[in-house]
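Single-letter residue listing:
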Amino acid sequence: MFTTHQDPIIAIATAPGRGGIGVVRLSFGKLVAEVVARLMLAVCGQELLPRYATYVPFLDAQGGILDRGIGLYFAAPHSYTGEHVLELQGHGGPIVLQLLLQRCLAANIVPGLRLAEPGEFTRRAFLNDKLDLAQAEAVADLIEASTEAAARCAGRSLDGVFSRAIQQLVEDLIRLRMLVEATLDFPEEEIDFLEAADARGKLATLRHELSQIQSDARQGALLREGLSVVLAGQPNVGKSSLLNALAGAELAIVTPIAGTTRDKIAQTIQIEGIPLHIVDTAGLRETEDEVERAGIARTWQAIKQADIVLHLLDARIGFTHEDAAIAASLPAGVPIIQLHNKIDLLAESAAVALATEAKAVRTVRLSAKSGAGIDDLRAQLLEIAGWQVGTESVYSARERHLIALRAANRHLLNAAEQAAQNAQALDLFAEELRLAQLQLNTITGEFTSDDLLGEIFSRFCIGK
Ligand code: GDP
């Protein structure tokens, strides 16, 4: 929990470890510029001009030099948090940055100065109207993006593309609501209202706008979350070869998803910028080893939550008893693609025989070695994911946003049904519009509970 939103806070803002430079950042809460000046004098030996990069020594309590670097002062309200902010950019060593941080804390110049909680700088930016909630979430999404496309998408949300689309929709909705509410005050005019004001037409336009936003947001959420894909099959059918073939040259800029690298159960590749978190079932064997068993239990957990299962077979052998056992162990309800691998080793006639064997499951015939069929597999994966090509303008979105958009959509649909049935129920029509607006407002954070804010910002890294 956050103690108070007005305390002065401090954190090392750069990532742990060694780097060229490292940044200690302070946000001064409600404190006035004189306090900032006193700290600058003590730690930098001089007062810094706002928004000028000044090369200064960083001083310890005795006036000895801890480091030299750039001091940057952003005077309120022109800062990331909207409060007075001081950035001390020193050399990026963990110890020297700790010394600098401790120096600021121990100087006893900034009353109540404490270490920042995760995401607390960004939370303040939100509370001080520097960012809306969707933009604040985009900050974390940008930092956590696991593919280039996801990062670009988060950048667009941070820039306000998503928020502006929502605001535009809300403005149009408010305009319609004003019309409706005004008519409610003159009941004798209700009957004509829906016709005269073209309320139905306006509502249809709103619904169209919303569905466009939903579609972009769904794509954005897909880019952000990616798909969890389970790779199953007997030893030697070509699972690792397939992973390599799928990853191609794109593997280089992909980072593994958090929490799974330790177990080595998942590896992330990407298709068209969508992260695919691949869970390899190769390690799923009976074992007495405690640690290994814990890893296997986690793998099963991941399998249960998978979006897609790829079941790999040797095309020359086909579906065996062992494959039946594998298939039986996979969770029900998850889409399965059966992959017949090594078709480069098949005689023509055998290939035809296999192709006619197709069952209810999706089947792709491919060769991890020659690359034949890999594009077909990519296309199938994208189709199951619901990816639409040509959506360069999508913005990052989260499950929370999708839920709010769906709820808003439901209310607009209800309103449309009211309008279609009769004109008498204008108050119900108005109420549905109001509820739709409330849902949209939760996305940008106009009305948001403290609990939700705590939940969102606690997932940030410290110093952000
Ligand atoms: P895994 O145990 O399922 O991960 O299988 P591997 O990817 O290690 O492949 C087992 C063997 O099959 C290796 O020698 C691969 O080179 C070979 N292999 C995999 N896919 C193909 C393919 O499509 N065609 C051919 N000819 N060989 C393949």
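Residues numbered from 1 in each chain as written. Predicted model: local features only at pLDDT ≥ 70, side-chain atom pairs only at ≥ 80, totals over all residues. Heavy atoms only, no water.

*Asks:* Just to check I follow, could you spell out helix α3 (residues 120-127) for this structure?
*Replies:* Three- or four-residue spacings in an α-helix give side chains the same orientation, since the helix completes a turn every 3.6 residues. Summarising burial for α3: seven of the eight residues are buried, a large majority. Burial in α3 covers these residues: Glu120, Phe121, Thr122, Arg123, Arg124, Ala125 and Phe126. Check the buried side of α3 and you find it contacts β1 (9-12), β2 (19-27), β6 (114-115), α4 (133-144), α15 (426-444) and α16 (450-457). Of the residues flanking the end of α3, it is Asp129, one or two places downstream, whose phi is positive at about 65°. (Buried < 20%, exposed > 50% of the residue type's maximum accessible area, 1.4 Å probe, protein only. Helix = DSSP H or I, 4+ residues; strand = E, 2+ residues; numbered from the N terminus. Contact = heavy atoms within 4.5 Å.)

*Asks:* Hey, could you run me through empty space enclosed by the protein in this one?
*Replies:* In this approach the atoms are scanned with a rolling probe the size of a water molecule, which exposes any empty space left behind. By the definition in use, this model includes one cavity of 30 Å³ or more. The set of elements that each furnish at least two residues to the lining of the largest cavity consists of α8 (199-225) and α14 (399-421). Among the elements that make up the lining of the largest cavity, the one with the highest residue count is α14 (three residues). (1 Å grid on protein atoms, 1.4 Å probe; cavity = no way out; pocket = protein on both sides within 12 Å on 5 of 7 lines; lining within 4 Å. Points joined across faces, edges and corners; volume = space filled by probe spheres on them.)

*Asks:* What is the right way to look at the sheet that holds β2 in this model?
*Replies:* Hydrogen bonding along the main chain pairs the strands of a sheet, whether they run parallel or antiparallel. Reading across the sheet, the six strands line up as β3-β4-β5-β2-β1-β6 and stay open at both edges, with mixed pairing between neighbours. One side of each edge strand has no neighbouring strand; the edge strands of this open sheet are β3 (54-59) and β6. Sheet analysis places strand β4 (residues 65-74) next to strand β5 (residues 85-92), joined by five bridges and oriented antiparallel. Note on β5: the bridge partner recorded for Phe74 is Val85. Packing against the sheet, helix α2 (residues 94-106) makes contact with β1, β2, β3, β4, β5 and β6, and its axis sits at approximately 170° to β1. (Pairing = 2+ DSSP bridges. Axes fitted to C-alpha atoms, helices over the stretch in contact; angles between N-to-C directions.)

*Asks:* Help me understand the environment of Gln388 in this model?
*Replies:* You can see Gln388 is positioned in the loop between α13 (374-385) and α14. Taking relative accessible area as the criterion, Gln388 reaches 40% and is therefore assigned partly exposed. Distance from Gln388 to Ser215, taken between C-alpha atoms, is 9.2 Å for residues 173 residues apart in sequence. Sequence-distant contacts of Gln388, defined by excluding residues within four places in its chain, comprise Ser215 and Gln219.

*Asks:* Looking at this model, I keep getting lost on the site of the ligand. Mind explaining?
*Replies:* Near the ligand lie 15 residues; those nearest to it are Asn236, Lys239, Ser240, Ser241 and Asp344. Asn341 is positioned such that a nitrogen or oxygen atom in its side chain is 3.1 Å from a nitrogen atom of the ligand. A distance of 2.8 Å is found between a nitrogen atom of the ligand and a side-chain nitrogen or oxygen belonging to Asp344. Per-element accounting of the shell around the ligand gives the leading share, three residues, to helix α9 (residues 239-247). Of the residues assigned to the shell around the ligand, the class counts are four nonpolar, seven polar and four charged. (Near = heavy atom within 4 Å. Polar contact = N/O pair within 3.5 Å; in protein donor to acceptor, adjacent residues only side chain to side chain. Nonpolar A, V, L, I, M, F, W, Y, C, P; charged D, E, K, R; others polar.)

*Asks:* Help me understand the pairing of strand β11 (residues 336-341) in this model?
*Replies:* Taken residue by residue, a regular strand's side chains alternate between the two faces of the sheet. Within β11, five of the six residues are buried, leaving the element largely enclosed by the surrounding structure. The sheet contact formed by strand β10 (residues 308-314) and β11 spans six bridges and is parallel. Opposite Val309, over in β11, you have Ile336 as the bridge partner. Sheet topology note: the β11/strand β12 (residues 362-365) ladder contains four bridges and is parallel. By the bridge assignment, His340 is partnered in β12 with Arg365.

*Asks:* Explanation requested: the side chain of Ser79 in the structure shown.
*Replies:* Within the secondary structure, Ser79 is located in the loop between β4 and β5. A distance of 2.9 Å separates a polar side-chain atom of Ser79 from the backbone nitrogen of Gly82. Beyond its immediate chain neighbours, meaning those up to four positions away, Ser79 contacts Phe74, Val85 and Lys130.

*Asks:* Help me understand the pairing of strand β7 (residues 227-233), please; the structure alone is not making it clear to me.
*Replies:* For β7, the tally of buried residues reaches seven of seven residues, placing the bulk of the element in the interior. Here β7 shows two buried faces, one formed by Leu227, Val229, Leu231 and Gly233 and the other by Ser228, Val230 and Ala232. Bridge analysis of β7 against strand β9 (residues 274-280) gives five bridges, and the strand direction is parallel. Counterpart to Leu231 in the pairing with β9 is Asp280. Pairing of β7 with β10 involves five bridges; the strand directions are parallel. Bridged to Val229 within β10 is Ile308.

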